[in-house]
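Structural characterization, general
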Amino acid sequence: MIREVQDEILRLKKEKDVCILAHSYQTPDITEIADFVGDSFALSKMAAGAENKNVLMCGVRFMAETAKILSPNKRVYLSHVDAGCPMAQQLSPESLAQMKAKEPDRVVVAYINTTAALKELCDVCVTSSSAVKIVSSLPEKKILFVPDCNLGRYVQKQCPDKDIKLYNGCCPIHNGASIEDVAIAKIRYPNALLLVHPECREEVCENADYIGSTSGIMQYAEKSDAKEFIIGTENSIIAHLQYKCPDKKFYHLSQRLVCTNMRLTTLYEVLSVLKTIGDSDNENEIIMTGEQIELSRKCIDKMLQLG
Ligand code: SF4
């Protein structure tokens, strides 16, 4: 049955000229039919280089918005209309405007996991893999880092010469992994290396053998001579890793590392959205004005320039 749905998706994708992007946290039945699989910003760049007229992002809303910002002349769709990112929605543009008014001398550095509306007010964006490099290369010393305090704290430690003020946001999924989870996993799997995402809490990162983006974790595990790994990021990547490295063993750090928003997209959902591509008033389509795209693109361009 899955194979039949995948075949129909591939047929429609060709007929409707769609580039399908799947974030690494999507399930294997979806990544198998995608043109590109990866971290959110890498996907948006891939879509911008693709020749298709339409883009379907299997992920969450800020990712589809980023794809639209980088591909303003394409029609961009989100795989599930309710798939948001709780972290991206934690800080409103109004609250950020108030923070900026209180400390106008701070450069606002925004994690890419922010809404397009928030990006309009930020000076430069970062991804989890480029954050340290970009913050270090900024000439300014005083920085306001939004919205993820865990990633911000990780950057703070790597850039001690900077005065970084953190907003108190976080990814509720990664932040849910605790030091107790680390202790239990290390007892259960004493020979395994612990690989974690910098969205995890400070005390979890302090016990890790490697800290990096989802792509970074996957590359590290693939290249490492070690045979066992405890994975401290969204649990779906364990299936992808197990497929790529059948001779290695992968364990989850916590059963709670599951992003329910990412799980809203199913293979059937992908098929039903594909059927509606091209329809007018499509609720899955990302609609932004030229001005919104131009304003939110500035901090992404600055990231590309510095990164
Ligand atoms: S894992 Fe966290 S940061 Fe990623 S989409 Fe889910 S809530 Fe947002």
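That block above? That's the structure.
The following paragraphs examine the structure supplied in this document. Predicted model, so just to flag it, every value in this text is computed and none were measured. Along each chain, numbering runs from 1 in the same order as the chain's sequence is written. Selection of residues for local features in this predicted model requires a pLDDT of at least 70, selection of side-chain atom pairs for listing and counting requires 80 or more, and totals for whole chains, interfaces and linings are taken over all residues. Only heavy atoms go into the side-chain values, all of them from the structure, while hydrogens and water stay out.

**Some points on the site of the ligand**
Just so we agree on the cut-off: By convention in this text, a residue qualifies as near a molecule or strand provided that one of its non-hydrogen atoms is within 4 Å of it. Two kinds of site are reported from a 1 Å grid over the protein atoms alone, namely cavities, where a 1.4 Å probe fits but cannot get out, and pockets, open sets with protein on both sides within 12 Å along at least five of seven lines, and residues are called lining when an atom falls within 4 Å of a point. Each molecule is assigned to a cavity or pocket provided more than half of its atoms lie within 2 Å of the corresponding grid points. For this classification, the nonpolar set comprises Ala, Val, Leu, Ile, Met, Phe, Trp, Tyr, Cys and Pro, the charged set comprises Asp, Glu, Lys and Arg, and every other residue, Gly included, is treated as polar.
Around the ligand, the neighbouring residues are Tyr-25, Val-60, Cys-85, Pro-86, Met-87, Asn-113, Cys-171, Ile-173, His-174, Glu-199 and Cys-259. In this structure the site holding the ligand corresponds to the largest pocket. When its residues are assigned to classes, the shell around the ligand shows 8 nonpolar, 2 polar and 1 charged.

**A word on the pairing of strand β3 (residues 54-58)**
What counts, and what does not: Working definition: with a 1.4 Å probe on protein chains only, accessible area under 20% of the residue-type maximum means buried, over 50% means exposed, and in between means partly exposed. The numbering of helices and of strands both runs from the N terminus, where a helix is a DSSP run of H or I of at least 4 residues and a strand a run of E of at least 2. We call two strands paired when DSSP finds no fewer than two bridges between them. Looking down the strands as they point away from the viewer, one classifies a crossover as right-handed if the path from the first strand across the helix to the second runs clockwise.
Among the 5 residues of β3, 5 are classified as buried, and the element is accordingly described as predominantly covered. Residues Asn-54, Leu-56 and Cys-58 point to one face of β3 and Val-55 and Met-57 to the other, with burial holding for every one of them. Pairing geometry for β3 and strand β4 (residues 75-78), over 4 bridges, is parallel. The residue bridging Leu-56 from the neighbouring strand is Tyr-77, located in β4. As for the winding sense of the linkage, the β-α-β connection from β3 through helix α4 (residues 61-70) to β4 is right-handed.

**Let's talk about the environment of Asn-168**
Worth spelling out the cut-off: Contacts between residues were defined by any pair of non-hydrogen atoms, one from each residue, lying within 4.5 Å.
The topology assignment puts Asn-168 in the loop between β8 (163-166) and α9 (179-188). Note on Asn-168: relative accessible area 67%, which makes it exposed. Considered as a pair, Asn-168 and Asp-148 are 20 residues apart in the sequence and their alpha carbons are 6.7 Å apart. Setting aside anything within four residues of it in sequence, one finds Asn-168 in contact with Pro-147 and Cys-149.

**Considerations on the sheet that holds strand β5 (residues 107-111)**
Quick reminder of the rule: Interaxial angle, 0 to 180 degrees, is taken between N-to-C directions of lines fitted to C-alpha atoms, where a helix line uses only the stretch in contact.
The strand order β6-β5-β7-β8 describes an open sheet built from 4 strands, whose pairing is parallel. Edge strands, defined here as strands with exactly one partner in the open sheet, are β6 (124-126) and β8. Shown here is a sheet whose adjacent strand axes are inclined to one another by a mean of 30°, direction ignored. As paired elements, β5 and β6 share 3 bridges and run parallel to each other. Its bridge partner being in β6, Ala-110 is matched across the sheet by Cys-125.

**A closer look at the side chain of His-174**
Put simply, the rule is: Here a polar contact is recorded for every N or O atom pair within 3.5 Å, except that within protein the pair must consist of a potential hydrogen donor and a potential acceptor, and residues adjacent in sequence are included only if both atoms are side-chain atoms.
Within the secondary structure layout, His-174 lies in the loop between β8 and α9. Note on His-174: relative accessible area 1%, which makes it buried. Looking at His-174, its side chain comes within polar contact range of the side chain of Thr-233, at 2.7 Å. With near-sequence residues (within four places) excluded, His-174 lies in contact with Tyr-25, His-197, Glu-199, Cys-200, Arg-201, Gly-232, Thr-233, Glu-234 and Leu-257.

**A word on the packing of helix α3 (residues 40-49) against α4**
Going by this rule: Each crossing is labelled by how the near helix is turned from the far one, with a counterclockwise turn of less than a right angle marking it left-handed and a clockwise turn marking it right-handed.
At a closest axis distance of 9 Å, the pairing of α3 and α4 adopts a crossing angle of 35°. Of the two possible hands of crossing, α3 and α4 adopt the one that is right-handed. Note on element contacts: α4 touches α3 through Phe-62, Met-63, Thr-66, Ala-67 and Leu-70, opposite Ser-40, Phe-41, Ser-44, Lys-45 and Ala-48. Class assignment for the residues of the contact of α3 with α4 results in 6 nonpolar, 3 polar and 1 charged.

**Digging into unusual backbone geometry**
Leaving glycine aside, a negative phi is the common case for residues, and trans is the common case for peptide bonds. Cis geometry marks the peptide bond from Val-146 to Pro-147, where omega comes out at -15°. Inspection of the secondary structure assignment puts Pro-147 in the loop between β7 (142-146) and α8 (149-158). Of note in this structure, Asp-17 is not a glycine but carries a positive phi near 55°. Tracing the backbone shows Asp-17 in the loop between α1 (2-15) and β1 (18-23). Classification of Asp-17 by relative accessible area gives partly exposed; the value is 26%. Despite not being glycine, Asp-281 shows a phi value in the positive range, around 55°.

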